[in-house]
Amino acid sequence: MSTAEPDPPLGYGSMRRKEDTRFIRGQGSFIDDIKLGGMLHGAVLRSPYAHARIQSIDVSAAQAHPRVRAVITGETLATRDLAWMPTLAGDTQAVLATDKVRFQGQEVAFVVADDRYAARDALELIDVEYEPLPTVMDARQALDPDAPVVRDDLGASNHIFDWESGDAARTDEIFAAADVTIAEDLLYPRVHPAPLETCGAIADFDPISGKLTVWSTSQAPHPHRLLYSMVAGVPEHKIRVISPDIGGGFGNKVPLYPGYLCAIVGSMITGRPVKWIEDRSENLMSTSFARDYHMHGEIAATRDGKILAVRVRVLADHGAFNGAAQPTKFPAGFFGVFTGSYDLQAAHCQVTGVYTNKAPGGVAYSCSFRITEAVYLVERMVDMLAFELDADAAELRMQNLLRPDQFPYTCATGWVYDSGDYTSTLQLALDKADYTGLRQEQAAGRERGELMGIGISFFTEAVGAGPRKHMDIMGLGMADGVELRVNPGGTAVLRIAVQTQGQGHETTFAQIVAEELGIPPDRIEVVHGDTDQTPFGLGTYGSRSTPVSGAATAVAARRIRDKARVVAAAMLEVATGDLEWEKGRWYVRGDPDQGRSIAEIALAAHSDLELPAGVEGQLDASCVYNPPNLTYPCGAYVCVVDVDPGTGKVEVRRFVAVDDCGVRINPMIVEGQIHGGLADGIGMALMEVIAYDTQGNCLGGSFMDYLLPTAVECPSWELGETVTPSPHHPIGAKGVGESATVGSPPAVVNAVIDALRPFGVRHADMPLTPAQVWRATQGRPLRTDLAQS
Amino acid sequence: MQVPSHVEYEKAKSVEHALELLTRFGPEARVLAGGHSLIPMMKLRLAQPETLIDINGISGLSRITVADGELRIGALVRHGQLLASAVAAGHFPVLRDAEQVIADPIVRNWGTIGGSLCQADPSEDLSAAFGALRAIAVIQGRDGSRRVPVREFHLGPYETVVAPAELLTELRVPIAGDGSGSAYEKVSRRVGDWSIAAAGAVLTLSSDGTVTEAGIGLAAVGAGHFVSTAAEDFLRGQPATDAVFGQAGQVAAEHCQPAADQRGPVDYKRHLTGELTTRALRRAAIRVRARAGGQTV
């Protein structure tokens, strides 16, 4: 039996993803699928030590290997002034180490060979003499006076920055006078986005034309082109960055990695294309991690549960180089939104960034620039307040959530929340979960010694960076361009600056055009991921594609609609003011039969039709969209867990997620993104962590050690929605790609801690492995980021 | 991308051929069965054998049979095959319990019983299960075969009594009478992960409910030969009650030597060993009683 696929919507609505036609046939073209004539293969030699001085590097045996074409070291790069590169956070990072290595897995040498087997064999022929140095692996000891200095190239301390937000004095006053204050140390441990496709690049430098083409796993092709130009000295117009199909990014593929540059140098030296593909351990050990936030959170409230203020001090572990990828003026990302979804009188945070002998990064894994950490902090603190007041976690939130009439709402740290109906969103989630029934079941179970837990989180995100006035990366304002052209035959080509890594841009963006112009989505080609073929823009991360490039697309389509009106008026020999629009056609007001479809107008616009003076022919438009504000999606999540009292094993029984991301363009894609993010949340809450031992060995360097959740750990998700359009977005949409990753970890943790209520447990850090849960019941929770003993 | 170093490949056509190849290529040759441990170790270059001797084409090593009062499991039997075997589960539910929680279906479809034992990973579930069952390993050399109790099979982590020119061909488990039952309990951080701790229990009860023989297998907690003889000694002659099983769990916990790792600290692993031993014993006892009553549990 076959079921006929319904026609795709002429605009918004669920439809199958256009790109899946190739993916489900195995016909995607990922970086490692691309093969060029004469292509060589590169491999990176990495440091076994977390901190060591390099005494000498002997590459002679590797160079003598019959299939090796080049061996590149930091010394080779230094002759080209390439040994160090700028990071997106304004720091510098070693491409290949020259003086010393600063984390385990750091890049030391690069071999270019005829094939990847020979390249890998040759790594074993390189002889590096190291002098091991004492390490600093615990951020909490990084600022001790006797701590080893990671960046002696910069100064005599591991201190990177201090940053604060909010009104310290006012917050302190409120805390001093409050009935109830609670303080707790919370660790959001280091985790890794672990995209299933690791990072890689193919560099092809043509010495005749001077043109450099780089295929790479890039979430941000245009900024990467500028960085390559700065680092490699090739002018921008001679660089083409192509980001082919990408097997997941999650922020891992925003930064520039040494391997990309080594491939470029390898191609320049050998005159042939060089491919470099990272292996799984390299990806986990050396590329952009996420979190590693050591937080001291405090919450102040009245005895009857009115939340007054939140205060937090953060020690941010940035690893050996400050490679966080975020808007430059925000060294702690958007952590300032730790004010959450509540009507606070004051809030203050103070963040100190430090260097340690760990891999660089910090902003990744769908974190919305650190809102993950912010939401976790505030949602745990609210639950702790409920614990101390013996209040119901849902009622306490209802009591304190912002009300619809308070929007737009300027929070205590200055962010302007655009819209929301928080109490309705939470109520819907509670109703879907049968919250009252669950609490009754829990009470009955406790009588029998069962440990059932119910956890709630309510999150507000700030996504869609961002207004150019406030937000830039390395001086590049965070506005995105699009170019839309309707062909004479009525089909269209949309060129966008954002790059899909699985989000479904080829479908969603076509639907935006379809909604505005009435051209069916399957007649609209979306071009992305190629700097020679797309307008400039900052790329896909931080849930910014729909808020920024989606807005640009709608605006460009509306410009085309306006132009089409002029053309239609000329065709019908009426004034433009006499025309009315219905989806896909302009017609004469009062005479609906007299009209011209967008396809007819497109043909006419390319024809000999005489147009009014000043109106150029053809039917195209562009837009550079500078968002007036971020968009603020929100959601209410309810998680139900069962904990085995004898083993500490947690089972997630149910997960209810009600998201409000404004207008949904393709609800099926939105739900798919939410499913993925919820699984992320279960992973982070229960199993994912990159810990290090005191010598600096990475204890999460493979998928045997770094656990990703599987379908077995995930319940059947129960989704719901409320729709509060953003007033600051042309189609009322808000970003959603990271909502569930941001919102779900605290729901899971709150549920587990709730289950442990009979043991008097108020907090334990993620991941809540069986060991951690059991230790929490013993009153001795673990430091989960260190080696266990 | 992870790629192994250079390796030669030979395909064995029979046990004799495999032994001949093993003799010819010497100690730097490795037997390739399911390859689910060996190949990843080669890709990580933790293992760099000079020659792989592929035994997957050998017929006669993939059978599960009953003969001479023994359950006989060929070394090339796949995990999935043992999991699905009604004969094996009928006699020794501990095997099905253990197989249900070993790795994932993809690994179980190709990973072999013999390979699991020969890999001798300290966390290997089947080593604990067969240890609890007091199984016998049949090891073939060019001069004939020998029978080695599984409790003497392992010399240490990743080390067994199988010599370089020998091949493990079969596991044999003496079939016990009606008064026996068995079970396996395991906790891991996530499906497919190695055990944090796991315990297998094999009980033989007299008609009055006294433990006449017990086998306690432990994985991942540093128990010598994957068994807890202390807990077994404690149980013999005791009444099969929950209280006694709780005490036996305590004995097992005290006598194992877990090492801390990211799966958990020592105190938790010890606690878990006790808890799981107790649970496995309870379930094994329930199965003994159910069997006496003509049921399967």
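Conventions used here
Residues numbered from 1 in each chain as written. Chains lettered and ligands numbered in written order. Predicted model: local features only at pLDDT ≥ 70, side-chain atom pairs only at ≥ 80, totals over all residues. Heavy atoms only, no water. Helix = DSSP H or I, 4+ residues; strand = E, 2+ residues; numbered from the N terminus. Rg over C-alpha atoms; globule rule 2.2 N^0.38 Å. Buried < 20%, exposed > 50% of the residue type's maximum accessible area, 1.4 Å probe, protein only. Contact = heavy atoms within 4.5 Å. Buried area = accessible area lost by both parts, 1.4 Å probe. Salt bridge = Lys/Arg side-chain N within 4 Å of Asp/Glu carboxyl O. Polar contact = N/O pair within 3.5 Å; in protein donor to acceptor, adjacent residues only side chain to side chain. Pairing = 2+ DSSP bridges. Phe/Tyr/Trp six-rings, centres within 6.5 Å; stacked < 30°, edge-to-face > 60°. Axes fitted to C-alpha atoms, helices over the stretch in contact; angles between N-to-C directions. Left-handed = near helix turned anticlockwise from the far one by under 90°. Core = buried A, V, L, I, M, F, W, Y, C linked by side-chain atoms within 4.5 Å. Domains from an automatic or database assignment. Parallel < 35°, antiparallel > 145°, perpendicular 65-115°, else oblique. Nonpolar A, V, L, I, M, F, W, Y, C, P; charged D, E, K, R; others polar. Expected span 1.5 Å × (residues − 1). pLDDT = per-residue confidence, 0-100. Disulfide = S-S within 2.5 Å.

## Re the overall build of chain A
The helix and strand tally for chain A stands at 18 helices and 34 strands. For a compact globule of 789 residues, the expected C-alpha radius of gyration is about 28 Å, and chain A comes in at 27 Å, within 12% of that figure. Taking the principal axes of the C-alpha coordinates as reference, chain A spans close to 80 × 75 × 60 Å. Taking all 789 residues of chain A together, 64% fall into the buried category. Of the contacts made within chain A by residues no fewer than 6 positions apart, 79% connect residues no fewer than 24 positions apart.

## Overview of the environment of A:Val526
Residues and elements named next belong to chain A. Here Val526 lies in strand β27 (residues 524–527). Overall, the relative accessible area of 7% leaves Val526 in the buried class. With near-sequence residues (within four places) excluded, Val526 lies in contact with Leu494, Ile496, His505, Glu506, Phe509 and Ala510.

## Let's talk about the interface of chain A and chain B
Each partner contributes to the interface: chain A provides 39 residues, whereas chain B provides 30 residues. Summed over both sides, the interface between chain A and chain B buries roughly 2700 Å², with carbon and sulfur atoms accounting for 55% of that surface. Applying the counting rule to chain A against chain B returns five salt bridges. The salt bridge partner of B:Arg45 is A:Glu124, with a shortest N-O separation of 3.0 Å. Inspection of the chain A/chain B interface yields 14 residue pairs in polar contact (both at pLDDT 80 or more). If you list the elements that add at least two residues to the side of chain A that touches chain B, you get α4 (116–123), α8 (280–286) and α18 (770–777) of chain A.

## Considering the pairing of strand β32 (residues 634–643) of chain A
All names here are of chain A. In terms of residue burial, β32 counts as a mostly covered element, since nine of its ten residues are buried. Here ten bridges tie strand β22 (residues 451–460) to β32, and the two strands are oriented antiparallel to one another. Residue pairing for β32: Phe458 is matched across the bridge by Ala636. Counted along the chain from β32 to the antiparallel partner strand β33 (residues 650–660), the turn is six residues long, and its residue Gly648 has a positive phi close to 80°.

## Quick look at the packing of aromatic side chains
Geometrically, a pair of aromatic rings is defined through the distance of the ring centres and the angle of the planes. All names here are of chain A. What the rule picks out here adds up to 23 aromatic pairs over all chains. When the centroid spacing of 5.7 Å and the interplanar angle of 65° are considered together, the rings of Tyr409 and Tyr417 count as edge-to-face. Given the relative accessible area of 9%, Tyr409 is considered buried. Counting every residue linked through ring pairs, the aromatic cluster contains Phe330, Phe334, Phe369, Trp415 and Tyr541.

## Notes on the packing of helix α13 (residues 505–517) of chain A against helix α14 (residues 545–572) of chain A
All names here are of chain A. Following both chains from N to C, one finds α13 and α14 inclined at 35°, their axes separated by 9 Å at the closest point. Here α13 runs over α14; the crossing is right-handed. Residues His505, Thr508, Phe509, Ile512, Val513, Glu516 and Leu517 of α13 lie in contact with α14, whose contacting residues are Ser545, Thr546, Ser549, Gly550, Thr553, Ala554, Ala557, Arg558, Ile560 and Arg561.

## Some words on the nonpolar core
Residue and element names in this part refer to chain A. Formed by 185 residues in total, the largest nonpolar core has its most connected members in Phe334, Phe335, Val351, Trp415, Tyr417 and Leu686. Looking at which element gives the most residues to this core, the answer is helix α9 (residues 371–389), with twelve residues. If we skip the residues at most four places from it in the chain, Tyr417 touches Val337, Thr339, Gly340, Leu402, Phe407, Pro408, Tyr409, Cys411, Tyr422, Thr460 and Tyr632. Residues Ala552, Leu572, Ala604 and Ala621 belong to the second largest nonpolar core, which totals 39 residues.

## Focus on the sheet that holds strand β3 (residues 51–54) of chain B
All names here are of chain B. Ordered by their spatial adjacency, three strands build an open sheet running β1-β3-β2, and the pairing between neighbours is parallel. Both outer strands of the open sheet, β1 (8–11) and β2 (29–32), are each paired with one neighbouring strand and no more. Ignoring strand direction, the axes of neighbouring strands in this sheet form an average angle of 25°. Of the strand pairs in this sheet, β1 and β3 are connected by four bridges, and their pairing is parallel. By the bridge assignment, Lys11 is partnered in β3 with Asp54.

## Concerning the domain arrangement of chain B
Residue and element names in this part refer to chain B. Parsing chain B into structural domains produces domain 1 (8–54), domain 2 (64–174) and domain 3 (180–290). Inter-centroid distance (C-alpha atoms) of domain 1 to domain 2 is 19 Å. Residue-level contacts link 14 residues of domain 1 with 16 residues of domain 2. Note on domain 1 versus domain 2: buried area summed over both sides is about 1200 Å², and carbon and sulfur give 71% of it. Considering only the surface of domain 1 that becomes buried against domain 2, Leu19, Ala33 and His36 emerge as the three largest contributors, covering 39% of it. Seen at the junction of domain 1 and domain 2, the total is zero salt bridges. Run the count over domain 1 and domain 2 and you get zero residue pairs in polar contact (both at pLDDT 80 or more). Those elements that provide at least two residues to the side of domain 1 that touches domain 2 are α1 (15–25) and β2. Ranked by the residues each element gives to the side of domain 1 that touches domain 2, the list is headed by α1, at six residues.

## Side note on the packing of α14(A) against helix α15 (residues 598–605) of chain A
All names here are of chain A. At a minimum axis separation of 9 Å, α14 and α15 run at an interaxial angle of 80°. Judged by the angle between their axes, α14 and α15 are roughly perpendicular. Taking contact as the criterion, the partners of Ala564, Val567, Ala568 and Met571 in α14 are, on α15, Ile598, Glu600, Ile601, Ala604 and Ala605. In terms of residue class, the contact of α14 with α15 is built from eight nonpolar, no polar and one charged.

## Description of helix α10 (residues 242–255) of chain B
Residue and element names in this part refer to chain B. Across its 14 residues, α10 extends 20 Å between first and last C-alpha, which sits within 8% of the 20 Å expected from 1.5 Å per residue. For α10, every residue scored as buried is listed here: Val244, Phe245, Ala248, Gly249, Val251, Ala252 and Ala253. Looking at the packing, one finds that the buried side of α10 touches β12 (197–205), β13 (211–219), α9 (229–235) and α11 (266–292).

## So, the pattern of salt bridges
Inspection of the entire model under this criterion finds 83 salt bridges over all chains. The partner of A:Lys100 in a salt bridge is A:Asp152, with the nearest N and O atoms 3.1 Å apart. In this pair, A:Lys100 is assigned in strand β6 (residues 100–101) and A:Asp152 in the loop between β8 (127–132) and β9 (159–166), connecting sequence segments 52 residues apart. Close ionic contact of B:Glu170 with B:Arg172 constitutes a salt bridge, the shortest N to O distance being 2.6 Å. Side by side, B:Glu170 and B:Arg172 carry an identical accessibility label, which is buried. Linked by salt bridges that have partners in common, A:Arg53, A:Asp91, A:Asp99, A:Lys100, A:Arg102, A:Arg151, A:Asp152 and A:Asp153 make up one network.

## A few points about the environment of A:Cys349
Residues and elements named next belong to chain A. Positionally, Cys349 belongs in strand β18 (residues 346–354). Placed 184 residues apart in sequence, Cys349 and Ser165 show a C-alpha to C-alpha distance of 5.4 Å. With residues up to four places along the chain from it excluded, the contact list for Cys349 reads Trp163, Glu164, Ser165, Val312, Phe335 and Phe338.

## Looking at the confidence of the model for chain B
When pLDDT is averaged across chain B, the result is 96; 100% of the residues are at 70 or more. Listed scores for the predicted complex are pTM 0.97 and ipTM 0.97.

## Section: the state of the cysteines
All names here are of chain A. Counted under the stated rule, the structure contains zero disulfides over all chains. With no disulfide partner, Cys349 has as its closest neighbouring cysteine sulfur the one in Cys411, 10 Å distant. Here Cys639 stays free of any disulfide, with the sulfur of Cys714 as its closest cysteine sulfur at 11 Å.

## Side note on the sheet that holds strand β10 (residues 167–174) of chain B
Residues and elements named next belong to chain B. If you walk across this open sheet you meet the five strands as β4-β5-β10-β6-β7, and the pairing is antiparallel. Taken across any chain shown, the strands that pair with only one partner, and hence form the sheet edges, are β4 (64–67) and β7 (144–149). Within this sheet the neighbouring strands show an average axis-to-axis angle of 25°, counted without direction. Both strand β6 (residues 136–141) and β10 contribute to a ladder of five bridges, which runs antiparallel.

## Description of the pairing of β10(B)
Residues and elements named next belong to chain B. Of all eight residues in β10, seven are buried; the element is thus mostly enclosed. Relative to β10, strand β5 (residues 70–74) runs antiparallel, the two sharing five bridges. The residue of β10 that forms the bridge with Ile73 is Leu171.

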